[in-house]
Amino acid sequence: MDIRPIRNDDDHRAAVDEIRVLWNAEAGSADEDRLDVLATLVDEYERKRWPVDKLDPVEAIEAAMEADGRTRADLASLIGQSRATEVLARKRGLTLHMIRKIERAWHVPASILVREYQLSR
């Protein structure tokens with residue numbers, strides 16, 4: 001197994017691409033072991049690179065977008081175009097309905113999305 005530490009975003013991207021290839025590995029196989037090790041390394045890198053527990057809701061959404069290669073259009077498809085623009089610009093707070101949609105689709109914890117945060121004036 002040729003697995004090395006993930007030290008930067010390029011290493012991270014390569015590891016995530018490899019995980020996608022291995023995703024349906026046969027149980028008990030060497031590929032499943034490789035998948036498990038890579039997933040552990042990616043998880044640890046992401047926890048250090050994008051520490052979600054310290055982010056406000058908008059920062060958490062932006063981190064999720066960056067981590068998964070999502071765009072404003074992807075957010076707009078979840079919560080609506082004008083709402084996505086206003087939320088990211090901090091002109092509108094997240095509603096419970098928006099929080100539930102984002103949590104389900106992007107797996108951003110609701111416990112982070114419900115935090116109070118500063119809106120722009």
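Residues numbered from 1 in each chain as written. Predicted model: local features only at pLDDT ≥ 70, side-chain atom pairs only at ≥ 80, totals over all residues. Heavy atoms only, no water.

### Quick word on the packing of helix α4 (residues 72-79) against helix α5 (residues 81-88)
Part 1: Where α4 meets α5, the axes come as close as 7 Å, and the angle between the chain directions of the two elements is 120°. Relative to α5, the element α4 lies oblique. Crossing hand, α4 versus α5: right-handed. Between α4 and α5, the contacting residues are Arg-72, Leu-75, Ala-76 and Ile-79 on the first element and Gln-81, Arg-83, Ala-84, Thr-85, Val-87 and Leu-88 on the second.
Part 2: Across the contact of α4 with α5, the residue classes break down as six nonpolar, two polar and two charged. (Axes fitted to C-alpha atoms, helices over the stretch in contact; angles between N-to-C directions. Helix = DSSP H or I, 4+ residues; strand = E, 2+ residues; numbered from the N terminus. Parallel < 35°, antiparallel > 145°, perpendicular 65-115°, else oblique. Left-handed = near helix turned anticlockwise from the far one by under 90°. Contact = heavy atoms within 4.5 Å. Nonpolar A, V, L, I, M, F, W, Y, C, P; charged D, E, K, R; others polar.)

### Quick word on the pattern of salt bridges
Part 1: Within the structure shown, the criterion is met by 11 salt bridges.
Part 2: Across the salt bridge formed by Glu-44 and Lys-48, the nearest N and O atoms sit 3.7 Å from each other. Taken together, the residues span about one helical turn, with Glu-44 and Lys-48 both in helix α2 (residues 30-49) at a distance of four residues.
Part 3: Since its relative accessible area comes to 38%, Glu-44 is described here as partly exposed.
Part 4: One salt bridge connects Arg-49 with Glu-66, and the closest N-O pair in it is separated by 3.7 Å. Residue Arg-49 is found in helix α2, and its partner Glu-66 is found in helix α3 (residues 57-68); the two are separated by 17 residues along the sequence.
Part 5: Residue class for Glu-66 comes out partly exposed when judged on its relative accessible area of 48%.
Part 6: Each of Asp-9, Arg-49 and Glu-66 takes part in one network of salt bridges that share partners. (Salt bridge = Lys/Arg side-chain N within 4 Å of Asp/Glu carboxyl O. Buried < 20%, exposed > 50% of the residue type's maximum accessible area, 1.4 Å probe, protein only.)

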